[in-house]
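If you want the building blocks of each chain, they are given just below.
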Amino acid sequence: LSDPRIAIVSATQAGSPVGWGIVGTGEMARQFSQALGQSGEARLVAVASRDPARAAASAAALGAVHGGSYADLLAKPDIDVVYVATPNHRHKADCLAAFAAGKAVLCEKPLGMNAAEAREIAAAAERAGVFCMEGMWTHFIPAVVEADRLLHSGAIGTPRTMIASFGAPVAFDPANRFFSPELGGGALLDRGCYPISLALRFFGTVEAITGSSVAAETGVDASSAAILRFAGGGLALIGTSLAAYQSNDLVLSGPAGRLTLHEPITRPTSLSLDRATAIQTGAKPAGKGVKTMLRDIVRKSRLAGLLRKLVKRTTRHVPYQGNGYVHEIREVHRCLRAGQRQSGVVPLSLSIATMDVIDTLRK
Ligand SMILES: NC(=O)c1ccc[n+]([C@@H]2O[C@H](COP(=O)([O-])OP(=O)(O)OC[C@H]3O[C@@H](n4cnc5c(N)ncnc54)[C@H](OP(=O)(O)O)[C@@H]3O)[C@@H](O)[C@H]2O)c1
């Protein structure tokens, strides 16, 4: 068992709890530690901080066995997976250090500051032979999984368009990670990554990217809008903002109807399916009389009402467990038990493709 990769598989296969370490002591460290408890399959071995006093206090508050430095955490043999919950500018260095210690990694979104960093992270995980996944947890939320199932069952026909947004106002503070260019701030990196990642899941390969942004005083994008065209014929309209409260839902449309994942886009619990019947057009019969023309006029005036009758909505409540992060945690555990180095749902190629889109939009 000198090879830590063998230790990961043997620990998880034996049915014993998976050992986790959390790097960072902020808001996500707190929420994620709760989800580890909710999973019923994990043991929080250590929490790491840049500050020893904060490490000790966080370990006590979050229920970890140890609190220490980032290096202390990586030296713990009973940690199988490291959850990287530091600001974006640290993701690459924190991931690479974990890989060098033979640890699997769940890295908070986004996977680095740009596509080049995401590629470096993916290559380093590959070289080390360890599991790595971006914490794009929305993909594992049951309502999103159900939307994907409905889509593949043909519920709306071939999906053609997606309209989605993720925006909520944050009080401006140049030092905060949301607005700091050094820490990887901006609406696209913080929020736009969700609808972009989902659009890539639903539509595949992007072939054209256009967009526009409005900058905050610090230079990061405060609001951005994007249009993505996909090789398979899909089109996505995406909005994201740190300055505005947007609809925060996601609508996928096809010829037979539309699927709506209702707000909040990161962890929806409500899913609507609106079925539609295509309006039939065709050659009008020749020699239309006055009576037919009058009937046409009446019919057209009722068109809106008629369309409403043709459209049928069903809305379902699809809850998530705990605070929602438990589903991505279970995916990590499943992958480790199966000896997989990547998730099939959120592979590193999806995270890299997301960053490629964001890079283009930020140019
Ligand atoms: N999945 C989600 O729903 C979700 C939601 C929000 C954020 N996130 C992501 O999670 C990550 C962390 O976000 P957060 O909201 O938890 O941030 P946060 O509250 O600011 O916490 C970040 C932690 O990272 C550590 N850190 C290390 N170097 C730092 C530096 N130079 N400046 C500031 N902190 C530093 C700090 O812990 P020590 O000082 O103790 O080392 C700090 O507590 C980000 O990548 C973000 O994109 C994900």
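### A short note on the overall build of the protein chain
Each helix and strand counted, the protein chain has 12 helices and 14 strands in total. Relative to its full complement of 363 residues, the protein chain shows a buried share of 48%. Taking the intrachain contacts of the protein chain between residues at least 6 apart in sequence as the baseline, contacts between residues at least 24 apart amount to 69%. Surface accessibility of the protein chain: about 16,400 Å² in total, with carbon and sulfur atoms responsible for 57%.

### Digging into the site of the ligand
Taken together, 23 residues sit near the ligand, with Thr25, Ser49, Arg54, Asn88 and Tyr325 positioned nearest. A distance of 2.8 Å separates an oxygen atom of the ligand from a polar backbone atom of Met28. Note that an oxygen atom of the ligand is positioned 3.1 Å from one of the side-chain N or O atoms of Arg177. Tallied by class, the residues present in the shell around the ligand amount to seven nonpolar, eight polar and eight charged.

### A word on the packing of helix H6 (residues 115-128) against helix H12 (residues 348-362)
In contact at an axis separation of 8 Å, H6 and H12 are set at 165° when each is read in the N-to-C sense. Considered as vectors, H6 and H12 are oriented roughly antiparallel to each other. Taken as a pair, H6 and H12 cross one another with a handedness that is left-handed. Facing H6, whose interface residues are Ala115, Ala116, Ala118, Arg119 and Ala122, H12 presents Leu348, Ile352, Met355, Asp356 and Asp359. In the contact of H6 with H12, the residues fall into seven nonpolar, no polar and three charged.

Conventions adopted
- Residues numbered from 1 in each chain as written.
- Predicted model: local features only at pLDDT ≥ 70, side-chain atom pairs only at ≥ 80, totals over all residues.
- Heavy atoms only, no water.
- Helix = DSSP H or I, 4+ residues; strand = E, 2+ residues; numbered from the N terminus.
- Buried < 20%, exposed > 50% of the residue type's maximum accessible area, 1.4 Å probe, protein only.
- Contact = heavy atoms within 4.5 Å.
- Areas by Shrake-Rupley, 256 points an atom, 1.4 Å probe, with all protein chains shown as cover.
- Near = heavy atom within 4 Å.
- Polar contact = N/O pair within 3.5 Å; in protein donor to acceptor, adjacent residues only side chain to side chain.
- Nonpolar A, V, L, I, M, F, W, Y, C, P; charged D, E, K, R; others polar.
- Axes fitted to C-alpha atoms, helices over the stretch in contact; angles between N-to-C directions.
- Parallel < 35°, antiparallel > 145°, perpendicular 65-115°, else oblique.
- Left-handed = near helix turned anticlockwise from the far one by under 90°.

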